[in-house]
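Listed below, chain by chain, are the residues.
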Amino acid sequence: MDVIENAIGGKRVRSASTRRSAVYNPATGEQIAELPLSTNAEIDQAVASAKAAQVSWGATPPLKRARVMFRFKELLDKHAADIAREISREHGKTHDDALGEVQRGIECVEYACGIPELLKGTFSRNVGPAIDSYADRQPLGVVAGITPFNFPAMVPMWMYPGAIACGNAFILKPSERDPSAPMLAWNLIMEAGLPEGILNVVHGDKEAVDHILDHPDIKAVSFVGSTPIAEYVYRRGTTAGKRVQALGGAKNHMVILPDADLDQAADALMGAGYGSAGERCMAISVAVPVGEKTADALVERLKPRIEKLKIGPASDKDAEMGPLVTAMHRDKVVGYIDKGVEEGAELVVDGRGFKLQGYENGYYVGGTLFDRVTPEMTIYKEEIFGPVLSVVRAGEYAEAVKMINDHEYGNGVAIFTRDGDAARDFADKIEVGMVGVNVPIPVPVAYHSFGGWKRSLFGDHSIYGPEGVHFYTRLKTVTTRWPAGIKSGAQFTFPTL
Ligand code: NAD
C-alpha cells in the first residue's frame with residue numbers, strides 16, 4: 001500500500017505520525033493509499049524551513065522568480081495528463097474534466113509569470129521640495145493554503161504560484177481525500193528550480209489546520225472548502241492576527257427567462273449540473289425557469305437527457321460523469337434525495353440505487369432531478385454537492401431575483417436570455433460575486449479574480465489574479481530627501497507643502 005509523503009525543506013519525507021487516513025479509488029471503492037496525518041512537530045519543521053528559505057527568495061529579483069514559473073508551466077504542460085490521471089484515480093472525475101482542471105491551474109502559473117510587472121510600484125517626484133516618494137508591495141513571509149477535495153490540483157494553484165512569485169514561502173495542506181496530484185505538481189516545481197523550503201506540503205486533518213491557524217510564523221492563510229469550516233478558519237486565523245481569505249460553499253442558481261433558447265439552456269444545465277458529479281463550487285444546483293410554460297418545456301428537455309447520462313469510471317472514455325468522492329459523501333447525497341421526497345418535492349429522475357456493472361463497490365449516484373422545489377425545503381437551502389438539480393419555478397423575473405438575493409450563499413449565478421436589458425438589470429441587482437450571462441459556469445480567468453459574496457467568502461480579498469497579488473503582499477511607501485534639500489532647524493508642525 002502506498003504511503004503518501006510530505007514535502008519539507010525540499011525533500012519528500014515520510015511522516016512519523018501514527019494517525020492515518022485512507023485514500024480510496026471512488027470508481028472501485030478500493031483503498032489505494034494511506035495518508036499519515038502530520039504531527040505538529042512536522043508542521044513546525046516545515047514552517048521553520050520556509051521561514052529560513054524565504055529571506056533570500058524574497059530578495060531574489062522578481063524576474064528570476066518568474067523564470068521558475070515559466071519552467072514550471074512548461075513542465076506542467078508536459079505532464080498534464082499524468083496529473084489528470086492522479087486526480088481521476090483519487091477524486092473520480094473523468095479524464096477530460098481532470099485535464100480541464102489542470103489547464104485552469106496552469107493559467108494561474110502563467111499569470112504568475114508576469115510578476116515583475118504585477119509588483120511594479122508607483123513613484124512620485126517632488127511630493128515636497130526635493131522630496132520623492134515611491135510605493136511598492138512586499139511579500140508577507142510564510143503563508144499557507146488549505147484546500148478542498150474537489151479540485152486537488154487547481155485550487156492549490158489558485159494559491160501557491162502567485163504567493164511564491166510574490167516572494168513568499170508557502171505551506172500547503174491539501175485535502176486528505178486526494179493528496180497525490182499536489183505532490184506530483186510539487187515534484188515539477190522543484191524540477192523547475194524552486195529553492196528548497198519555498199513550497200512545503202504537509203498532509204493532515206483538523207489538527208494540522210488548527211496548528212497552521214495558530215502558528216505565529218505564518219502570516220496569511222488562504223482557505224477553500226465548505227462554509228462552516230471557512231467561517232471557523234476565518235475566525236480562528238484572524239484572532240491569531242493573520243490575514244485570512246476563506247472561500248466557502250455555494251448554491252448556484254440559473255435563471256431561464258421565457259425568451260431564452262431552451263435547448264441551449266438545457267445543454268448548459270446538463271454540463272453545469274452534472275459535470276464532475278455536481279462536486280464543483282460553481283455547479284448549477286438550482287434551475288429557476290420563469291413562467292409555467294418555460295418550466296414545463298425545460299423539464300421536458302432535461303428528463304430524457306438525465307436518464308441517458310453516461311456514468312462511469314475515468315477509464316471509460318465515453319463517461320460524462322464519475323462517482324462521488326467517498327462512500328460517506330455518496331450516503332449524504334442520497335440522504336438529501338430522501339429528504340427532498342419527504343418534504344414534498346417532485347422527483348422526476350431518481351439517481352438512488354444506481355449500480356454500474358463491474359463497479360458495484362464504487363460510490364456512484366445517478367443523475368437526479370427534482371421539480372417544484374420551494375425555498376423552504378432543505379434541498380434548496382443546503383449545498384448538496386452531488387448530481388442533483390432542483391427546479392424552482394418562479395412566477396416572474398423579480399421573484400427569481402429576490403429568491404437568489406435572499407439565499408445565504410452568493411458564489412456563482414447565471415441567467416439565460418436573449419434580452420440585453422434584462423441581462424444588464426440582472427447583473428446589476430443580483431447579490432452574487434460571479435455572474436454569467438448565457439454562461440453557466442462563470443469562473444473568472446486567471447487575470448481576473450475569483451470570489452463569491454455573502455457566506456461563500458469570508459475576508460476582504462477574492463482569490464488569484466490581481467486580488468491574489470494584493471492578498472500575498474503588503475504596501476510599503478518610502479519618502480526620501482537628500483541632504484541638499486534639508487533645511488536646518490527642527491520643524492514641530494505637521495509637514496505640509
Ligand atoms: P471541507 O470543508 O470538508 O475541507 C476543506 C479543507 O478543510 C480540507 O483541507 C480539510 O482537511 C479541512 N477541514 C475539514 N474539516 C475541518 C475542521 N473541522 N477543522 C479544520 N479544518 C478542516 O471541504 P471539502 O469537502 O474538501 O470540499 C468541498 C467544499 O468546498 C464544498 O462546500 C465546496 O462548495 C467548497 N468549495 C468552494 C470553492 C470556492 O471557491 N468557493 C471551491 C472549491 C470547493
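Predicted, not measured: the structure shown is a model, and the values here were computed from it. (Residues numbered from 1 in each chain as written. Predicted model: local features only at pLDDT ≥ 70, side-chain atom pairs only at ≥ 80, totals over all residues. Heavy atoms only, no water.)

J.: Looking at this model, I keep getting lost on the sheet that holds strand 14 (residues 284-289). Mind explaining?
T.: Through backbone hydrogen bonds, the strands of a sheet pair up, either in parallel or in antiparallel fashion. What the 7 strands build is an open sheet, ordered 15-16-17-14-13-19-20; its pairing is mixed. The sheet is open, and its two borders are formed by strand 15 (346-349) and strand 20 (434-437), each paired with just one other strand. Ignoring which end each strand starts from, the neighbouring axes of this sheet average 20° apart. In terms of strand pairing, strand 13 (residues 252-256) meets strand 14 through 5 bridges, oriented parallel. The partner of Ile 256 across the bridge, within strand 14, is Pro 289. Seen against the sheet, helix 10 (residues 292-307) touches strand 13, strand 14, strand 15, strand 16 (368-371) and strand 17 (388-391) and runs at an angle of roughly 160° to strand 16. (Pairing = 2+ DSSP bridges. Helix = DSSP H or I, 4+ residues; strand = E, 2+ residues; numbered from the N terminus. Axes fitted to C-alpha atoms, helices over the stretch in contact; angles between N-to-C directions. Contact = heavy atoms within 4.5 Å.)

J.: How should I be thinking about the layout of surface pockets in this particular structure?
T.: Where empty space is left in the structure can be found by rolling a water-sized probe over the atoms. When its volume is computed, the largest pocket comes out at roughly 1100 Å³. Forming the walls of the largest pocket are 43 residues, and the residues nearest its centre are Pro 148, Phe 149, Gly 225, Ser 226 and Ile 229. Listing elements by their share of the lining of the largest pocket, those giving two or more residues are helix 5 (154-165), helix 7 (206-214), strand 11 (218-224), helix 8 (227-239) and helix 11 (327-342). For the second largest pocket, the calculated volume is near 420 Å³. Along the wall of the second largest pocket there are 14 residues; nearest its centre are Pro 129, Ile 131, Arg 481, Gln 491 and Thr 496. For the lining of the second largest pocket, the residue count by class is 6 nonpolar, 6 polar and 2 charged. (1 Å grid on protein atoms, 1.4 Å probe; cavity = no way out; pocket = protein on both sides within 12 Å on 5 of 7 lines; lining within 4 Å. Points joined across faces, edges and corners; volume = space filled by probe spheres on them. Nonpolar A, V, L, I, M, F, W, Y, C, P; charged D, E, K, R; others polar.)

J.: Teacher, can you tell me more about the site of the ligand here?
T.: Around the ligand, 26 residues are found, and the nearest of them are Lys 173, Glu 176, Ser 226, Gly 248 and Glu 383. Separating an oxygen atom of the ligand from a side-chain N or O atom of Glu 176 is a distance of 2.6 Å. Gly 248 places a main-chain nitrogen or oxygen 2.8 Å from a nitrogen atom of the ligand. More than half of the atoms of the ligand fall within 2 Å of the grid points belonging to the largest pocket. When residues of the shell around the ligand are traced back to their parent elements, those giving at least two are helix 7, strand 11 and helix 8. Formed jointly, the shell around the ligand draws a minimum of three residues from each of two domains, domain 1 (2-248 + 456-478) and domain 2 (252-437). (Near = heavy atom within 4 Å. Polar contact = N/O pair within 3.5 Å; in protein donor to acceptor, adjacent residues only side chain to side chain. Sits in = over half its atoms within 2 Å of the grid points. Domains from an automatic or database assignment.)

J.: Would you take a moment to explain the sheet that holds strand 4 (residues 20-25) for this structure?
T.: Taken together, 3 strands build an open sheet; the order of strands is 1-5-4 and the sheet is mixed. In this open sheet, the two strands that pair with only one neighbour each are strand 1 (2-3) and strand 4. In the sheet, strand 1 pairs with strand 5 (residues 30-36) via 2 bridges, with the strands oriented parallel. Residue pairing for strand 5: Val 3 is matched across the bridge by Glu 34. Contacts between helix 2 (residues 62-91) and the sheet are confined to strand 1, strand 4 and strand 5, with strand 4 contributing the most and set at about 105° to the helix.

J.: Honestly, the packing of aromatic side chains in this entry has me stumped. Any pointers?
T.: Aromatic rings in a pair are described by how distant their centres are and how their planes are angled relative to each other. Throughout the structure, instances matching the rule amount to 9 aromatic pairs. Here the aromatic rings of Tyr 234 and Phe 458 are separated by 6.4 Å at their centres, their planes lie at 35°, and the arrangement is tilted. One end of the pair, Tyr 234, is in helix 8; the other, Phe 458, is in strand 22 (residues 457-458), with 224 residues separating them in the sequence. Note on Tyr 234: relative accessible area 25%, which makes it partly exposed. Take Phe 458: its relative accessible area is 12%, and that puts it in the buried class. On the numbers, 5.1 Å between centres and 80° between planes, the contact of Phe 471 with Tyr 472 is edge-to-face. (Phe/Tyr/Trp six-rings, centres within 6.5 Å; stacked < 30°, edge-to-face > 60°. Buried < 20%, exposed > 50% of the residue type's maximum accessible area, 1.4 Å probe, protein only.)

J.: Help me understand the pairing of strand 5 in this model?
T.: Strand residues, when the strand is regular, have side chains that alternate between the two faces of the sheet. Note: strand 4 against strand 5, 6 bridges, orientation antiparallel. Across the sheet, Arg 20 pairs through a bridge with Pro 36, a residue of strand 5. Between strand 4 and strand 5, which pair antiparallel one after the other, the connecting turn spans 4 residues, and Gly 29 there sits at a positive phi close to 80°.

J.: Would you explain the nonpolar core in this entry?
T.: Taken as a class, soluble globular proteins show a tendency for nonpolar side chains to be buried jointly. Ranked by size, the top nonpolar core spans 94 residues in total, and within it Phe 72, Trp 158, Tyr 160 and Phe 170 carry the most contacts. No other element matches helix 2, which puts 10 residues into this core. Residues from two domains meet in this core; each of domain 1 (2-248 + 456-478) and domain 2 (252-437) gives at least three. The next biggest cluster of nonpolar side chains, apart from the first, holds 62 residues, and it includes Leu 309, Met 321, Ala 400 and Val 401. (Core = buried A, V, L, I, M, F, W, Y, C linked by side-chain atoms within 4.5 Å.)

J.: Teacher, can you tell me more about helix 7 here?
T.: Because the α-helix completes a turn every 3.6 residues, residues three or four places apart line up on one side. Along helix 7, the residues classified as buried are Ala 208, Val 209, Asp 210, His 211, Ile 212 and Leu 213. Residues of helix 7 that are buried sit in contact with helix 1 (40-59), strand 8 (142-146), strand 9 (169-173), strand 11 and helix 8.

J.: In this structure, what is going on with the UniProt feature "domain: Aldehyde dehydrogenase" (unreviewed entry) in the chain? I would like to understand it.
T.: Here the UniProt-annotated "domain: Aldehyde dehydrogenase" (unreviewed entry) positions come out as residues 16-478. With 42% helix and 21% strand, residues 16-478 has end C-alpha atoms that lie 47 Å from one another. (UniProt positions renumbered as here; feature names shortened; annotations may be inferred.)

J.: Just checking my understanding: could you explain the domain arrangement of the chain for this structure?
T.: How big an interface is tends to be expressed through the accessible area that disappears when the partners come together. If you check the domain split of the chain, you get domain 1 (2-248 + 456-478) and domain 2 (252-437). Taken together, the contact pairs 19 residues of domain 1 with 23 residues of domain 2. Inspection of the domain 1/domain 2 interface yields 1 salt bridge. Asp 97 is the salt-bridge partner of Arg 280, the closest N and O atoms lying 3.0 Å from each other. If you look at where domain 1 meets domain 2, you find 7 residue pairs in polar contact (both at pLDDT 80 or more). Here the side of domain 1 that touches domain 2 is built from residues that sort into 5 nonpolar, 10 polar and 4 charged. (Salt bridge = Lys/Arg side-chain N within 4 Å of Asp/Glu carboxyl O.)

J.: How do you make sense of helix 3 (residues 95-112) when you look at a structure like this?
T.: Spanning 18 residues, helix 3 covers 26 Å between terminal C-alpha atoms, matching the ideal 26 Å at 1.5 Å per step. Buried residues of helix 3: Asp 97, Ala 98, Glu 101, Val 102, Gly 105, Ile 106, Cys 108, Val 109, Tyr 111 and Ala 112, and no others. Here the buried face of helix 3 lies against helix 2, helix 4 (115-118), helix 5 and helix 15 (465-471). (Expected span 1.5 Å × (residues − 1).)

J.: For this particular structure, what's the right way to read the pattern of salt bridges?
T.: Once the charged atoms of two side chains with opposite charge are near each other, the side chains can pair. According to the stated counting rule, one finds 36 salt bridges in the structure shown. For the salt bridge of Lys 402 with Asp 406, the shortest nitrogen-to-oxygen distance reads 2.6 Å. Here Lys 402 and its partner Asp 406 are both found in helix 13 (residues 397-406), 4 residues apart, which amounts to about one turn of the helix. Residue Asp 406 is classed as exposed on the basis of its relative accessible area, which comes to 52%. Here the residues in one salt-bridge network are Glu 292, Asp 296, Glu 346, Asp 371, Arg 372 and Arg 393, joined through shared partners.

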